[in-house]
Amino acid sequence: MTEHDVLPIFLLRCNACHGATYQEGGLDLRSRASILKGGESGPALVPGDPEKSLLFQKIHDDDMPPEENRGTAGIEDVTPEEMETIRNWIVAGAPETPPVAFEPQVSEKDREHWAFRSPKQATVPSVEHADRVANAIDAFLLEKLEANDLAFSPEADRVTLLRRASYALTGLPPSPEETRRFAADRDPRAWEKLIDHLLESPRYGERWARVWLDVAGYADSEGKRHADMIRRHAWRYRDYVIRAFNDDKPYDRFLLEQLAGDELAGWENATELTPELYDNLVATGFLRQAPDGTTANPVNRPEDRLEVITDELRVLTEGVMGLTMECARCHDHKYDPLSQRDYYQLSAVFKGAYDEYEWMTPQGFNNQWKKSKQRLLPLALPEERAAWEAEIAAIDAKIEPLKKQVAALGKDKEAADEKKKLEKEIKSLEDSKPTAPMIRALWDRGQPSNTYLLERGNHLQPAALVEPDVPEVFAATVPPYKVEKPGPGTMGTGRRLAFAKWLTHPDHPLTARVIVNRVWAQHFGTGLVKSLDNFGVLGDPPSHPELLDWLAVEFVKNGWSLKWLHRQILATSAWRQVSTVTEEQARLDPDNRLVSRMPLRRLDAEEVRDAVLAVSGVLDPTPFGEPDPVEVRQDGLVTGKFLGADKKQPQLRRSLYLRHRRKEMPTILETFDQPAMNPNCVERSQSTIVTQPLHLLNNARIRELAGHFARRVATEASGDPAGQVEHAWVLALNRVPDNDEIAAGVEALAAFTATWAESLAESGSDDSPEQRALEDFCHTLINSAAFLYLD
């Protein structure tokens, strides 16, 4: 028996009052040395004599933990079994632990799996259909196609490619001007120029931020509890991600900031919040996205806190590393060389900030930051801080004359009534003051508790003490994990910074492979490795392993640039194929794993809503800032609130900017498969269910937007029906209709007009039957497969 049999008990039962943050009576129970030292009442124990040990007597007599504290902050009674363990340790002389050397658990055979070896530069193959090779990607794909008696499908037409590229890179349809300009551009570099144009659009960052926010598990509420408390400052992380994608921040730096921005920043000694410092701190919001219900005592026990830590580790390991490590919380992984020791060593990396024994609740993070740093470091950029201070000053300017009026009043009854009235305005103005700008960040507090391997994942069964480290299987491929203590004046441990540097090493077997595979899956519907979150033994093997390695190596060589990766993929003949499936392809490549064609794709949830807003002319392009409110209607539907005072021309921002509250998901987004973040989403599912067409057909908001669409067409198009049909077609479907389609549209408009004329005459309405018919026509286009699907 050693101190590590009893220290977990003290951490669990006593740390709230005798740990790093609080040391009541000067007593620190985190180590054998501090227990022997004792506090204001002297040494806490006498080795060999529990009856003379004040610590044991206080626990034995039920004086500690104090009865009034039990049930708060995770404090619970010491059990009889735990008391006996403490007694036996003291009787044994309070022995220390001798140094322990762990035996290796990973063999060379374990390391033979492809994903545990660094990617190697593959030789670009020679192929028969060399005329279809736009770059190396095509060559790798054609090599396999030709081996299976297949080749690429023909190239899609320019208008189809424009629509496909616009949604792929910006999540929005091309404008009529872009459609006409690209269709007429005969420059040999027209396609290359288009891709550059789309990548430089601020809409690109919004589109691809959404992909990453799924991985991170972004939400504007805490989840877990019924109250689903709002995260008032989470949006800053969303905006950071958008800016990072638009600026093409190198992916290794992107990860470095999100995993250890606080340890990069040197914020403790800062006197000014620079843009770089702001980004570094906000970026750590990545590690604060998991559902966290520890806002109240009943759900703020160590086991509840461990659930938050488990979720964050799952987001990291599955989303960024492509490893399924969660099962190793309770036992060694059954298939991959990932041990329980690996899991708890990785958990220890984050212990300086996520410590189940020194826990900070969601509001506690903000409160402690505010308490410790606000006098030194305004938690907003200077312009935002200035705007907040100006708003406060304007309110104070209104309050000051009211206070003078109160001071000048007499003491009669009439004056007393007037005083109450004035004090009630004053209070209303005080309540209207905006709260100070805050950052939702994670930061290392520099005093992590010990980390113990938990038998079967049970916090009541601590076993071996472990130190921070990375999974052993990578020891032969990446330089060792090495913690360097931060410089003087900083509070961090350096653990997460060391981990972030290890993870972003150019030779890391997983980091580059996982992200290029995720980007590939977004463009082609399926990853080269189908299981985006599992590169382990049970995951799907890569369909084109040499291509995956080539992409990973070249991605790192080209500065970890995601825009470079998009350019490479969209330049290929493979990406520009038609989506038509031939009988031969259905037989030889039924799942399109050989990429013999481009897959047909339905718009995702955000694209459906954003496309409807765009064609209706009500899309507000304003970026960034606090999320837009949603309302829960009496019929149970959740919708975004219109912005602006002009009811004739209301505005709505992109779906990315809607408040994402876990229990109030906007109905249209939920209907079209926007995921709930529990804790995150590594790959979206795509359903085809009856509620989707019913929503587009019957939803009052959709019909309202169809009305705005029709008014836009009536304003922008020529007055004749053929001109209206053509313009509506270009807006919704991004191509000019042929003569047959125009004729069918004109015929439909005439039929709708006749029906409405009869109906409006019967009701006595003075609405225009032509306008109502145009609304129906526009509504029909929104409901069409051509609107919802990309060829």
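Scroll up for the structure.
Some remarks on the overall build of the chain
- For the chain, the helix and strand inventory stands at 31 helices and eight strands.
- Each principal axis of the C-alpha atoms in the chain carries an extent, and together these give about 100 × 95 × 45 Å.
- Put simply, of all contacts in the chain between residues at least 6 apart along the chain, 71% involve residues at least 24 apart.
- Accessible surface, the chain as shown: approximately 34400 Å² in total, 52% of it carbon and sulfur.
- One way to put it: in the chain the 96 positive side-chain charges average out to a point 4 Å from where the 127 negative ones average out.

What about the pattern of salt bridges?
- Tallied over the entire structure, the rule returns 59 salt bridges.
- Put simply, Arg203, Glu206, Arg609, Asp610 and Arg654 are held in one network by salt bridges that share partners.

Focus: the nonpolar core
- Judged by nonpolar contacts, the single largest core of 133 residues is most densely connected at Trp212, Tyr237, Tyr251, Phe499, Trp520, Phe555 and Trp575.
- Beyond its immediate stretch of four places on either side in the chain, Phe555 contacts Tyr251, Ala512, Ile515, Val516, Trp560, Ser561, Leu562, Trp564 and Leu565.
- Tyr167, Val630, Trp729 and Leu733 belong to the second-largest nonpolar core, a separate cluster that totals 44 residues.

Examining a nonpolar patch on the surface
- A cluster of nonpolar side chains, Tyr335, Val537 and Leu538, forms an exposed patch at the surface whose accessible area comes to about 310 Å².
- Topologically, Leu538 is positioned in the loop between helix 20 (511-524) and helix 21 (545-557).

Examining helix 19 (residues 495-503)
- Among the nine residues of helix 19, eight are classified as buried, and the element is accordingly described as predominantly covered.
- Looking at helix 19, one finds that the buried residues are Arg495, Arg496, Leu497, Ala498, Phe499, Ala500, Trp502 and Leu503.

As for the packing of helix 14 (residues 302-319) against helix 15 (residues 340-349)
- Close contact between helix 14 and helix 15 brings their axes to 11 Å; oriented N to C, the two are set at 100°. Taken as axis vectors, helix 14 and helix 15 run roughly perpendicular relative to one another. Between helix 14 and helix 15, the contacting residues are Ile309, Thr310, Leu313 and Thr317 on the first element and Tyr343, Leu346 and Ser347 on the second.
- Grouping the amino acids of the contact of helix 14 with helix 15 by side-chain chemistry returns four nonpolar, three polar and no charged.

Quick word on the packing of aromatic side chains
- Inspection of every chain in the model, using the stated rule, returns 22 aromatic pairs.
- Pairing Tyr251 with Phe555 gives two aromatic rings, centres 6.2 Å apart and planes at 50°, and the pair type is tilted. Here Tyr251 is found in helix 12 (residues 251-265), whereas its partner Phe555 is found in helix 21, with 304 residues between them in sequence. Just as Tyr251 is buried, Phe555 falls in that class too.
- Ring geometry for Phe474 and Trp502: centres 5.8 Å apart, planes at 70°, overall edge-to-face.

Description of the environment of Leu619
- Looking at where Leu619 falls in the secondary structure, it is placed in strand 4 (residues 619-620).
- Each C-alpha atom, one on Leu619 and one on Arg653, is 5.6 Å from the other, the two residues being 34 residues apart in sequence.
- With residues up to four places along the chain from it excluded, the contact list for Leu619 reads Leu172, Asp610, Leu613, Ala614, Gln651, Leu652, Arg653 and Arg654.

Concerning the side chain of Glu263
- Mapped onto the elements, Glu263 comes out in helix 12.
- The side chain of Glu263 sits in the buried core without any salt bridge; Arg496 is the nearest counter-charge, 4.8 Å away.
- Looking at Glu263, its side chain comes within polar contact range of the main-chain nitrogen of Thr493, at 3.4 Å.
- Within polar-contact distance, the side chain of Glu263 engages the backbone nitrogen of Gly494 at 2.7 Å.
- The contact partners of Glu263, leaving out residues within four places of it in the chain, are Asp444, Gly492, Thr493, Gly494, Arg495, Arg496 and Leu497.

Some points on helix 1 (residues 3-13)
- Of all 11 residues in helix 1, 10 are buried; the element is thus mostly enclosed.
- Restricting attention to buried positions, one finds in helix 1 the residues Glu3, His4, Val6, Leu7, Pro8, Ile9, Phe10, Leu11, Leu12 and Arg13.

Quick notes on the environment of Thr324
- With respect to the helices and strands, the residue Thr324 is situated in the loop between helix 14 and helix 15.
- Separated by 214 residues in sequence, Thr324 and Leu538 place their C-alpha atoms 9.8 Å apart.
- Here Thr324 is in contact with Glu318, His333, Asp336, Asp533 and Asn534, once residues within four sequence places are set aside.

Here's the deal with the state of the cysteines
- Tallied over the full model, the rule gives zero disulfides.
- Cys327 takes part in no disulfide bond, and the closest cysteine sulfur to it belongs to Cys330, at a distance of 8.6 Å.

A closer look at unusual backbone geometry
- Between Met64 and Pro65 the backbone carries a cis peptide bond, its omega angle lying at -5°.
- Here Pro65 is to be found in the loop between helix 4 (54-60) and helix 5 (80-91).
- Residue Pro679 is bonded to the preceding Asn678 through a cis peptide linkage, with omega at 0°.
- Structurally, the position occupied by Pro679 is in the loop between helix 25 (667-671) and helix 26 (691-698).
- Unusually for a residue other than glycine, Asp228 sits at a positive phi of about 45°.
- Among the structural elements, Asp228 can be located in the loop between helix 10 (202-216) and helix 11 (235-246).
- Residue classification places Asp228 among the buried positions, given a relative accessible area of 1%.

Definitions and limits used
- Residues numbered from 1 in each chain as written.
- Predicted model: local features only at pLDDT ≥ 70, side-chain atom pairs only at ≥ 80, totals over all residues.
- Heavy atoms only, no water.
- Helix = DSSP H or I, 4+ residues; strand = E, 2+ residues; numbered from the N terminus.
- Contact = heavy atoms within 4.5 Å.
- Areas by Shrake-Rupley, 256 points an atom, 1.4 Å probe, with all protein chains shown as cover.
- Lys, Arg positive; Asp, Glu negative; His and termini not counted.
- Charge placed at Lys NZ, Arg CZ, Asp CG, Glu CD.
- Salt bridge = Lys/Arg side-chain N within 4 Å of Asp/Glu carboxyl O.
- Core = buried A, V, L, I, M, F, W, Y, C linked by side-chain atoms within 4.5 Å.
- Buried < 20%, exposed > 50% of the residue type's maximum accessible area, 1.4 Å probe, protein only.
- Patch = residues over 30% accessible without salt bridge, like charges linked within 9 Å, V, L, I, M, F, W, Y side chains within 5 Å.
- Axes fitted to C-alpha atoms, helices over the stretch in contact; angles between N-to-C directions.
- Parallel < 35°, antiparallel > 145°, perpendicular 65-115°, else oblique.
- Nonpolar A, V, L, I, M, F, W, Y, C, P; charged D, E, K, R; others polar.
- Phe/Tyr/Trp six-rings, centres within 6.5 Å; stacked < 30°, edge-to-face > 60°.
- Polar contact = N/O pair within 3.5 Å; in protein donor to acceptor, adjacent residues only side chain to side chain.
- Disulfide = S-S within 2.5 Å.

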